[in-house]
Each structure stands twice: as structure tokens, then as C-alpha cells.
Amino acid sequence: MTMLRRVVITGGPCGGKTLCSAAVKQALGDDAILVPEASTLVMTSGFPPPVPDAGISDLDAWRKSFQGAILSTQQHLEETWARLARQAGKRVVVCDRGFLDGAAYWPGGRD
């Protein structure tokens, strides 16, 4: 069995991660699959972001729930795409952000 490599494209908002991930996928062609960014999936679903003007009464609790949803979604996406990639004989999984990226946005920091 061929070893599956994971590549994570990371960086701040609007830093070109999605564009870079798509370019890597295009360059590698059928050997690679692209894992979408979980935070984009959560935010484009209509959930309000955890910011002061979002109209959320308990912002700290919402921030933890929001970031927890992103974290669990990212973990699930990475694990599922890796499993499918192995079964399909792919060689590279390209992640638009990764599981650890959420630590930068977790209330109170990474610890």
C-alpha cells in the first residue's frame, strides 16, 4: 500500500490558503484530494460568528460551542477524507487549514 501524505495549508484569514490548496490539488491531479476548511462550512451555514455584535447573550459559551463545532468538524473531515483516500489509492490529502488551526481561535489560547 502506498503511504498517504497529509499536507496542511495554514495561515490567517484571507491569506490565500484556499487558492494555494486548489493550486496544489491541480498540480498533483488525481493523486490528491482536497479537504475543505471546516470553519467556512460552519460560518456559511448561517451560524453567527462569535463576535460582540452577533446578538448572542452568552458570548463566551457561544465562542466555545462555535469553536468546538469547527474543531470536531475538521477532525471528522480529515479522518474521513484520509480513510477514503487510502481506499481510493490516493497519495496526498491536502487540508485547507487543519485540526490544530482552531487552537489560534480557542478562547484563552491553545492551552
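None of these values were measured; they are calculated from a predicted model. (Residues numbered from 1 in each chain as written. Predicted model: local features only at pLDDT ≥ 70, side-chain atom pairs only at ≥ 80, totals over all residues. Heavy atoms only, no water.)

1. Overview of the sheet that holds strand β1 (residues 5-9)
The sheet built from 3 strands is open, its strands ordered β1-β3-β2 with parallel pairing. One side of each edge strand has no neighbouring strand; the edge strands of this open sheet are β1 and β2 (32-35). In this sheet, neighbouring strand axes are inclined to one another by 20 degrees on average, regardless of whether the strands run parallel or antiparallel. In this sheet, strand β3 (residues 92-96) lies alongside β1 in parallel orientation, the contact comprising 5 bridges. Considered in β3, the bridge of R6 is made with V93. On the sheet, helix α1 (residues 17-28) packs against β1, β2 and β3 and is oriented at approximately 165 degrees with respect to β3. Set on the sheet, helix α3 (residues 59-88) makes contact with β1, β2 and β3; between it and β2 the angle comes to about 165 degrees. (Pairing = 2+ DSSP bridges. Helix = DSSP H or I, 4+ residues; strand = E, 2+ residues; numbered from the N terminus. Axes fitted to C-alpha atoms, helices over the stretch in contact; angles between N-to-C directions. Contact = heavy atoms within 4.5 Å.)

2. Some points on the side chain of K17
Along the polypeptide, K17 turns up in helix α1. Of the side chains with opposite charge, E37 lies nearest to the buried K17, which makes no salt bridge, at 5.0 Å. What K17 contacts, discounting residues up to four positions off in sequence, is I9, T10, G11, G12, E37, D96 and R97. (Buried < 20%, exposed > 50% of the residue type's maximum accessible area, 1.4 Å probe, protein only. Lys, Arg positive; Asp, Glu negative; His and termini not counted. Salt bridge = Lys/Arg side-chain N within 4 Å of Asp/Glu carboxyl O.)

3. Focus on the pattern of salt bridges
Counted under the stated rule, the structure contains 4 salt bridges. Between E78 and R6 there is a salt bridge whose closest N-O contact spans 3.7 Å. In this pair, E78 sits in helix α3 while R6 sits in strand β1, placing the two residues 72 residues apart along the sequence. Assessed through its relative accessible area of 9%, E78 is described here as buried. Residue R6 is classed as partly exposed on the basis of its relative accessible area of 41%. Residue R63 pairs with D60 through a salt bridge whose shortest N-O separation is 3.4 Å. Linking R63 with D60, this pair stays in helix α3, spanning 3 residues, or about one helical turn. Taking relative accessible area as the criterion, R63 reaches 21% and is therefore assigned partly exposed.

4. Notes on the environment of Q74
Residue position: Q74 is located in helix α3. For the pair Q74 and D31, spaced 43 residues apart in sequence, the C-alpha separation works out to 22 Å. Those residues in contact with Q74 that lie beyond four places of it in its chain are V35, P36, E37, A38, D96, R97, G98 and F99.

5. A few points about the packing of aromatic side chains
Counting across every chain of the model gives 2 aromatic pairs. Considering the side-chain rings of F47 and W62, the 6.5 Å spacing of their centres and the 45 degrees angle between planes classify their relative orientation as tilted. Taken together, the residues span a long stretch of sequence, with F47 in the loop between α2 (38-43) and α3 and W62 in helix α3 at a distance of 15 residues. Ring centres 6.0 Å apart and planes at 50 degrees place the aromatic pair W62 and F66 in the tilted group. Of this pair, W62 and F66 both sit in helix α3, separated by 4 residues, roughly a single helical turn. Among the aromatic side chains, those forming a connected cluster through ring pairs are F47, W62 and F66. (Phe/Tyr/Trp six-rings, centres within 6.5 Å; stacked < 30°, edge-to-face > 60°.)

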